[in-house]
Amino acid sequence: MNDYVESFLELLYPEKNTCFFCETHDEAICDRYICKDCERTMKKIVPPICIKCSKPIDLNSHEDLCSDCRKHDHSFEMSRSVFFYEGTVKKGIYLFKYYNKPYFYRFFGKRLVDFMEDTSYGRFNLVVPVPLHRSKLRKRGYNQSELLARYISNKTDMPYGDVLKRIKKTPKQSQVTKEDRRKNLINAFDVKKSMAGLLTGKNVLLVDDVFTTGSTADECSKTLIKNGASKVYVITIAR
């Protein structure tokens, strides 16, 4: 995170020792950004999980893949998510994206980095965010995935790459069916011309906020591999 962006975001932060989620003030919060009551409600994803997309699978299952991944091939090597997309986590991501609270990147970014360290989730050659369409970026003012990717890059010393661009404006994905989501995202992404050579032979970490069907991750991965990336791995806050 460069100093200019960090200084700007400092102006938006809540008062020190205030929970990002419920705005409770507690001297014990410090740089955790969350009170103990809210943190207790956040449900982490734990094994057994699908080895491809990290969807929880039945404890007694003899399959390594979930039913979705058995039906559909993915372009990425694997995707990992920290939390279930529900309750406090869902509320936080919603505030992060739609209520001009970009400072949430500090809380969620730290959880992503902690997860990567705790699970030894690889060393990657490049950290790349899922891009927003320019019209949505103008309206929102920031790309939440970019803030997360820059945070990960900064804390892990893995290079950051602003490689992808979204060239097709699509409807809000949460409002369409799984099949329409896949269709809408076909050819929705491209690589910036000035960045094309950066991908050759790289193992890329693709960063997004939520994994739903995997359609966004798939289309981004296809684009990255088509332009020279060796393999693509995905990480999201929740699924």
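Preceding this paragraph is the structure being described.
> Describe in detail the overall build of the chain, supporting the description with residues and values.
Scanning the chain from terminus to terminus reveals 9 helices and 6 strands. For 239 residues, the compact-globule estimate of 2.2 N^0.38 gives 18 Å, and the chain sits close to it at 18 Å. Overall, the chain is about 50 × 50 × 35 Å in size when its C-alpha atoms are taken along their principal axes. A total of 239 residues make up the chain; the buried ones form 48% of that total.

> Residues and numbers for the nonpolar core, please.
Counting residues in each nonpolar core, the largest one holds 42 residues, and the members touching the most others are Phe21, Phe108, Ile152, Leu205, Ile235 and Ile237. Among the secondary structure elements, those contributing two or more residues to this core are β1 (78-83), α4 (87-98), α5 (104-119), α7 (144-156), β5 (203-210) and β6 (231-238). No other element matches α5, which puts 8 residues into this core. Beyond its immediate sequence surroundings of up to four residues, Ile237 is in contact with Ser81, Val82, Phe83, Val89, Ile93, Phe108, Leu112, Leu148, Asp208 and Asp209. Within the second largest apolar cluster, 25 residues are counted, among which are Leu164, Ala188, Leu224 and Val232.

> Residues and numbers for the pattern of salt bridges, please.
Scanning the model with the defined rule gives 11 salt bridges in all. Across the pair Asp68 and Lys178 runs a salt bridge, and its minimum N-O distance is 3.7 Å. One end of the pair, Asp68, is in helix α3 (residues 67-71); the other, Lys178, is in helix α8 (residues 178-184), with 110 residues separating them in the sequence. Asp68 sits in the partly exposed class, given a relative accessible area of 24%. Ionic pairing is found between Glu179 and Arg182, a salt bridge with its closest N-O pair at 3.9 Å.

> I'd like to hear about the packing of α4 against α5, residue by residue, with values.
Where α4 meets α5, the axes come as close as 10 Å, and the angle between the chain directions of the two elements is 130°. The pairing of α4 with α5 is recorded here as oblique in orientation. The crossing of α4 and α5 is left-handed. Of the residues in α5, those in contact with Val89, Gly92, Ile93, Leu95 and Phe96 of α4 are Phe104, Tyr105 and Phe108. Its residues assigned to classes, the contact of α4 with α5 comprises 7 nonpolar, 1 polar and no charged.

> Explain the packing of aromatic side chains to me, and be specific about the residues and the numbers.
Counted by the stated rule, this structure contains 18 aromatic pairs. With a centroid separation of 6.0 Å and 85° between ring planes, the pair formed by Phe76 and Phe211 is classed as edge-to-face. Here the residue Phe76 occupies a position in the loop between α3 and β1, and Phe211 occupies one in the loop between β5 and α9 (215-226), the gap between them amounting to 135 residues. For the pair formed by Phe76 and Phe211, the shared burial category is buried. Pairing Tyr103 with Phe104 gives two aromatic rings, centres 5.6 Å apart and planes at 25°, and the pair type is stacked. The class of Phe104 is buried, set by a relative accessible area of 0%. By way of ring pairs, the aromatic residues Phe20, Phe21, Tyr33, Phe96, Tyr103, Phe104, Phe107 and Phe108 are connected into one cluster.

How each quantity is defined
Within any chain, residue numbers begin from 1 and follow the written order of that chain's sequence. Note on the predicted model: pLDDT of at least 70 is required for a residue's local features to be given, and 80 or more for side-chain atom pairs to be given and counted; whole-chain, interface and lining totals, by contrast, use all residues. Derived side-chain values reflect all non-hydrogen atoms in the structure, with water molecules and hydrogen atoms excluded from consideration. Only DSSP runs of H or I with at least four residues qualify as helices, and only runs of E with at least two residues qualify as strands; both kinds are numbered from the N terminus onward. Values of the radius of gyration come from C-alpha atoms, whereas the globule rule sets the reference at 2.2 Å times the count of residues to the power 0.38. A 1.4 Å probe rolled over the protein chains alone gives each residue an accessible area, and that area as a share of the maximum for its type sets the label: buried under 20%, exposed over 50%, partly exposed in between. Remark: nonpolar core denotes a set of buried residues (Ala, Val, Leu, Ile, Met, Phe, Trp, Tyr, Cys) joined through side-chain atoms within 4.5 Å. Here, two residues are considered to be in contact whenever any of their heavy atoms come within 4.5 Å of each other. Here, a salt bridge means any Lys or Arg side-chain nitrogen found within 4 Å of an Asp or Glu carboxyl oxygen. Axes here mean lines fitted to C-alpha atoms, for a helix over just the part in contact, with angles spanning 0 to 180 degrees between N-to-C directions. The scheme is simple: roughly parallel for angles under 35 degrees, roughly antiparallel for over 145, roughly perpendicular for 65 to 115, oblique for anything else. Definitions for this section: a left-handed crossing has its near helix turned counterclockwise from the far helix by less than a right angle. A right-handed crossing has that turn clockwise. All amino acids are sorted into three groups, where Ala, Val, Leu, Ile, Met, Phe, Trp, Tyr, Cys and Pro are nonpolar, Asp, Glu, Lys and Arg are charged, and the leftover types, Gly among them, are polar. Here is the rule: rings of Phe, Tyr and Trp (six-membered ring for Trp) pair when centre to centre is within 6.5 Å. Planes less than 30 degrees apart are stacked, more than 60 are edge-to-face, and the remainder are tilted.

In short, the description is geometric, and any link to function would need to be established separately.
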